[in-house]
Amino acid sequence: MNSSLLLGVAIAIAIGCASILLPYFSDRNQGLNEGCSLLPHRHFWLYSKRVLTPGGIMPAAVEINGGHIVSIVHQNKAPKQTKGAHVIDYGNAVIMPGLVDVHVHLNEPGRVEWEGFVTGTKAAAAGGFTTLIDMPLNSVPTTTSKEAFDMKVDAAKGRLFVDVGFWGGLVPENAFNNTAIDELLQAGALGLKSFMCPSGINDFGQTNASHIKEALRILAKYQRPLLVHAEIPQPSEDEKTKIDISERRMYSTYLRTRPPSWEEEAIKILIAVSKDTHFDGSKDGAHIHIVHLSDSSVSLDLIKEAKESGARLSVETCPHYLVFSAEEISDGDTRFKCAPPIRDVLNRERLWKALKDGHIDMLSSDHSPSSPELKLLEAGDFLRAWGGISSLQFGLPVTWSYGQQHGLQLDQLSELWSQRPAKLAGQHKKGNIVTGNDADIVVWDPENDIQIGENYTIYHKHPITPYTGKHLFGSVIATFVRGNMVYENGSHASTACGVPILAV
Ligand SMILES: NC(=O)N[C@H]1NC(=O)NC1=O
Ligand SMILES: [Zn+2]
Ligand SMILES: [Zn+2]
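Residues numbered from 1 in each chain as written. Chains lettered and ligands numbered in written order. Predicted model: local features only at pLDDT ≥ 70, side-chain atom pairs only at ≥ 80, totals over all residues. Heavy atoms only, no water.

Explain the site of ligand 1 to me, please; I cannot follow it from the model alone.
Contacts to ligand 1 come from 14 residues, most closely from Asn138, His229, Ala339, Ser368 and Gly387. In the environment of ligand 1, a nitrogen atom lies 2.7 Å from a nitrogen or oxygen atom belonging to the backbone of Ala339. Coverage of ligand 1 by the protein chains reaches 97% of its 300 Å² of free accessible surface. A per-class count over the shell around ligand 1 returns five nonpolar, eight polar and one charged. (Near = heavy atom within 4 Å. Polar contact = N/O pair within 3.5 Å; in protein donor to acceptor, adjacent residues only side chain to side chain. Areas by Shrake-Rupley, 256 points an atom, 1.4 Å probe, with all protein chains shown as cover. Nonpolar A, V, L, I, M, F, W, Y, C, P; charged D, E, K, R; others polar.)

Just checking my understanding: could you explain the environment of Asp244 for this structure?
As for its placement among the helices and strands, Asp244 is situated in the loop between β11 (225-229) and α7 (245-248). Classification of Asp244 as partly exposed rests on a relative accessible area of 40%. Each C-alpha atom, one on Asp244 and one on Asp381, is 9.8 Å from the other, the two residues being 137 residues apart in sequence. Separated by 2.9 Å, the side chains of Asp244 and Ser246 make a polar contact. (Helix = DSSP H or I, 4+ residues; strand = E, 2+ residues; numbered from the N terminus. Buried < 20%, exposed > 50% of the residue type's maximum accessible area, 1.4 Å probe, protein only.)

Please clarify how the coordination of the zinc ion (ligand 3) should be interpreted in this entry.
Geometry reference: four tetrahedral donors at a metal, ideal angle 109.5 degrees. Six octahedral donors, ideal angles 90 or 180 degrees. Looking at the zinc ion (ligand 3), one finds its protein donor set to be His103 (NE2), His105 (NE2) and Asp366 (OD), positioned 2.1 to 2.2 Å from the metal centre. If you list the donors of the zinc ion (ligand 3) from N- to C-terminus, the spacing comes out as H-x1-H-x260-D. Between the two metal centres, the zinc ion (ligand 3) and the zinc ion (ligand 2), the spacing is 3.7 Å. In this pair, His105 is assigned in the loop between β6 (99-104) and α2 (117-126) and Asp366 in the loop between β14 (362-363) and α13 (395-405), connecting sequence segments 261 residues apart. Here His105 falls in the buried class, since its relative accessible area comes to 4%. (Donors = N, O, S within 2.8 Å, 3.2 Å for Na, K, Ca; no water.)

Would you mind showing me how to read the packing of helix α6 (residues 209-222) against helix α9 (residues 260-274) here?
To characterise two packed helices, one gives the angle between the axes of the helices and the distance between these axes. For the pair α6 and α9, the least separation of the axes is 11 Å and the interaxial angle reads 35°. α9 is crossed by α6, and the crossing has right-handed handedness. Judged by residue contacts, Ala209, Ile212, Lys213 and Leu216 of α6 engage Ile269, Leu270 and Val273 from α9. Within the contact of α6 with α9, the residues separate by chemical class into six nonpolar, no polar and one charged. (Axes fitted to C-alpha atoms, helices over the stretch in contact; angles between N-to-C directions. Left-handed = near helix turned anticlockwise from the far one by under 90°. Contact = heavy atoms within 4.5 Å.)

Looking at this model, I keep getting lost on the pattern of salt bridges. Mind explaining?
Two side chains carrying opposite charge are able to pair once their charged atoms lie near each other. The final tally for this structure, using the stated rule, is 21 salt bridges. A salt bridge links Lys146 to Asp150, with the nearest nitrogen and oxygen atoms 2.7 Å apart. Here Asp150 and Lys146 lie together in helix α3 (residues 146-156), a separation of four residues that amounts to about one turn. A residue is classified by how much of its surface remains accessible, and Lys146, at 31% relative accessible area, is partly exposed. With relative accessibility at 30%, the residue Asp150 sits in the partly exposed group. Several salt bridges share partner residues, and in doing so they unite Asp163, Lys430, Asp438, Asp440 and Arg482 into one network. (Salt bridge = Lys/Arg side-chain N within 4 Å of Asp/Glu carboxyl O.)

Mind showing me how you'd approach the sheet that holds strand β12 (residues 287-290) here?
By definition, the strands of a sheet pair up through backbone hydrogen bonds, in either a parallel or an antiparallel sense. Pairing is parallel across the open sheet formed by six strands, whose spatial order is β9-β10-β11-β12-β13-β14. Each of the sheet's edge strands pairs with one partner strand only, and the pair in question is β9 (168-169) and β14. Sheet strands touched by α9: β11, β12 and β13 (313-317). Its angle to β12, the strand with the most contacts, is close to 165°. (Pairing = 2+ DSSP bridges.)

Would you take a moment to explain the state of the cysteines for this structure?
A covalent bond bridging the sulfur atoms of two cysteines is what the word disulfide describes. With the rule as written, the count across this model stands at one disulfide. Between the sulfur atoms of Cys36 and its disulfide mate Cys497 the distance is 2.0 Å. A torsion of -70° about the S-S bond marks the disulfide between Cys36 and Cys497 as left-handed. One end of the pair, Cys36, is in the loop between α1 (3-29) and β1 (43-53); the other, Cys497, is in the loop between β18 (491-492) and β19 (500-501), with 461 residues separating them in the sequence. Left without a disulfide partner, Cys338 is nearest to the cysteine sulfur of Cys318, which lies 7.8 Å away. Classification of Cys338 as buried rests on a relative accessible area of 2%. (Disulfide = S-S within 2.5 Å.)

Please explain helix α12 (residues 345-356) as it appears in this structure.
Taking 1.5 Å per residue as the helical rise, α12 with its twelve residues ought to reach 16 Å, and the 17 Å between its terminal C-alpha atoms agrees with that figure. Burial in α12 covers these residues: Asn347, Arg348, Leu351, Trp352, Ala354 and Leu355. Looking down the long axis of α12, one finds its buried residues gathered within 165° of arc, a one-sided arrangement. What points out from α12, more than 90 degrees from its buried face, is the exposed set Leu346 and Lys353. Packed against the buried residues of α12 are α10 (298-308), β13, α11 (319-323), β14, α13 and α14 (410-424). Positive backbone phi, approximately 85°, marks Gly358, located one or two places after α12. (Expected span 1.5 Å × (residues − 1). Arc of directions from axis to C-beta.)

Looking at this model, I keep getting lost on the packing of α13 against α14. Mind explaining?
Running from N to C, α13 and α14 point in directions that differ by 140°, and their axes come no closer than 11 Å. Overall, the two elements α13 and α14 adopt an arrangement that is oblique. Crossing geometry of α13 relative to α14 is assigned as right-handed. Listed contacts from α14 to Gly395, Leu396, Thr399 and Trp400 of α13 are Leu410, Leu413 and Trp417. (Parallel < 35°, antiparallel > 145°, perpendicular 65-115°, else oblique.)

Following this line, the structure appears as structure tokens:
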């Protein structure tokens, strides 16, 4: 071979290699923000035998490009690595829409010793959650004005491992100030949240029916929901007597001081108000969402009845009401303290039935941790300890493990954790594996067992949780947020590239 022929062959090989490798390299680099993803590709396919789509669970390949789902191909084998598009074959693992938690207290700015954007969203990613909606209280300031809202969004920037939206706060101070509420909603609050009982936070006062009606009028204009902590304190004998510490350590005492009638009373008022929400002749009135329902007796019957007669009402419950029961809570174990309280076994089983029958619309964590000292674990004082359960990371394995025992199917679980919550938060590009949506995805193994304990890394700021020791099924393999692999088998992406979600 003469030298010019050799040169020609070398050039041909170089061009050939370049044409094979270029798409690979361009795929690796184009629009990729280094560090956002553990996967160096913007165009790739995820394959598994169990992909949960609106058409059911099927073997399929999901094509992701530029953060979106661009195609879903029903096929029995993983696609071949072509044109530089990377393929991950997850075998028999489940590929499902990322979970959306509409009720999380991240407590930043201001109470980062309780939780924070970084720790909270890392826990979320490890648990398969791709979107969180943060509650307006426990942070300082509470999110009850445009200024406070802007501060929260600023504090979140560059610190989120999943996407996070924000509810604004409805309190007596802003309820009759239409301009203030307008500003809060225009700043991007996805809706408002209020308490009908003391919230435990001094600058987040309780609202009554008049405050709520006034806010609904404005919310109707924006088509955004009002979320309500539905408990109204009822007069009780306890107020007249001094309860000593030995009694305050008993869970039954706490239960007695916060009976189902608190929930009933609030729900009755909300139903009456919801009948009144078709303002200005508009058919699409405001929407009331009842958070963390615990009472599955009269309160649930009232909700069912109201929904049947067309009330624009939805309701969530939380894993702790579905997993634990009052009977099993030891005296002094304030890890279980939350409001409304965890009630008896019968109540829990009725909640499961309502969930399966579709009377409860969705699940949420109500992840509301505090610093360990405020749980008063040594004193075990149920009446003075902080009310709030730490649980964000465990929602999927917990509800799957206990859900299976109650006949809950995977597609129902996904509806409760992804589709319906995304809709409540107005996130139409999230919550479903369909073409055009954000590539927000969890890949997990529902058959793999885990034990919450020493060999299980908890990413919450504090590991204190009543779930310690639970043996569960379901381990998260990888979590994708808008196409970024933000978590995989115990590792997080190096850069926090989740974004604040603002209503437009
Ligand atoms: N302030 C706050 O987070 N309260 C929450 N904790 C709880 O258990 N129920 C709540 O509403
Ligand atoms: Zn609440
Ligand atoms: Zn809450």
